Amino acid sequence: METMGDLLDKVSEFALHDFTKEDAQKLFGWNVRDISVKSKENDESCIYITFENGYILFIRYFLNLDPIETKDTCEFTMALQTDLRSRIRYDVHYAGYIHGQGYIRLRVQEMKNRMQQMVLEEFYIPALKKVYKPIIIRFKGIYSRDFFGVEADQDHGRIFYAPVRYRSECKAASIGEVMGRLSELDLLLKEPQIRHALAEIDLQLSLLPSMVWSDL
């Protein structure tokens, strides 16, 4: 395999197997740590494959009823595990869809009450954007509409590349280049000043009265 398109072909072939570790290892060539399979409504299945080398494939298989799009039946996202953690779940990535200017696209978990939402809107989101704003350009993709991003919660941290599907321009990207950029961003997010700034945000949240987070 050389390109993300080659990997997409393997992902498509994987749908014909039984989603076992053995099948995944033979098909993708990496030792598999774990596979999780989840079926959703509307004829959709989601597969998480975690490899021993720290990389992850999140695969979504879906039913496409368009007769002229017979190959567009799945997509995948490649990610790299990281030790980054966050009290509040978020994902942030580069977006450059307005006049070619890159900006931050940030999503955080939905809160259960008004007080929690107020804390996010007035403190957490602005503080998080302030940390990521100087470095978000480094998350720019290889083509015009792809991107890199990071997601974190209390248990997991991942750096990911844009979803790849049949019509994606990033299908032509080199797997090695994508993996190299994921590793580069992992090192970037390990820089002491960045980790300190993110840890400070979490610390400030922890100092709030426990009643604010009692139902998280």
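Here is a short report on the structure shown in this document. (Residues numbered from 1 in each chain as written. Predicted model: local features only at pLDDT ≥ 70, side-chain atom pairs only at ≥ 80, totals over all residues. Heavy atoms only, no water.)

Take the layout of surface pockets next. The space that makes up the largest pocket amounts to roughly 760 Å³. If you go around the largest pocket, you meet 24 residues; those closest to its centre are Phe58, Asp91, Arg107, Glu151 and Phe160. Listing elements by their share of the lining of the largest pocket, those giving two or more residues are β3 (55-62), β4 (74-81), β5 (90-98), β6 (101-108), β7 (148-152) and β8 (157-161). (1 Å grid on protein atoms, 1.4 Å probe; cavity = no way out; pocket = protein on both sides within 12 Å on 5 of 7 lines; lining within 4 Å. Points joined across faces, edges and corners; volume = space filled by probe spheres on them. Helix = DSSP H or I, 4+ residues; strand = E, 2+ residues; numbered from the N terminus.)

Moving on to the nonpolar core. Ile49, Met78 and Tyr132 are the most contacted members of the largest nonpolar core, which totals 58 residues. For isoleucine 49, the contacting residues outside a window of four places in its chain are Phe14, Ala24, Phe28, Val32, Asp34, Ile35, Tyr55, Ile56, Leu57 and Ile59. In this structure, Ala79, Phe147, Phe160 and Ala162 belong to the second largest nonpolar core, which totals five residues. (Core = buried A, V, L, I, M, F, W, Y, C linked by side-chain atoms within 4.5 Å. Buried < 20%, exposed > 50% of the residue type's maximum accessible area, 1.4 Å probe, protein only. Contact = heavy atoms within 4.5 Å.)

Helix length check: helix α4 (residues 175-189) (15 residues) gives 21 Å between terminal C-alpha atoms against 21 Å at 1.5 Å per residue, within 8%. Its side-chain oxygen placed 3.2 Å from the backbone nitrogen of glycine 176, serine 174 serves as the N-cap of α4. (Expected span 1.5 Å × (residues − 1). Polar contact = N/O pair within 3.5 Å; in protein donor to acceptor, adjacent residues only side chain to side chain.)

Residue position: cysteine 74 is located in strand β4. With relative accessibility at 2%, the residue cysteine 74 sits in the buried group. Sequence separation between cysteine 74 and aspartate 9 is 65 residues; the distance between their C-alpha atoms is 9.8 Å. Beyond its immediate chain neighbours, meaning those up to four positions away, cysteine 74 contacts Leu8, Val11, Ser12, Arg60, Tyr61, Phe62, Val164 and Arg165.

Purely geometric stuff here, so don't read any function into it on its own.
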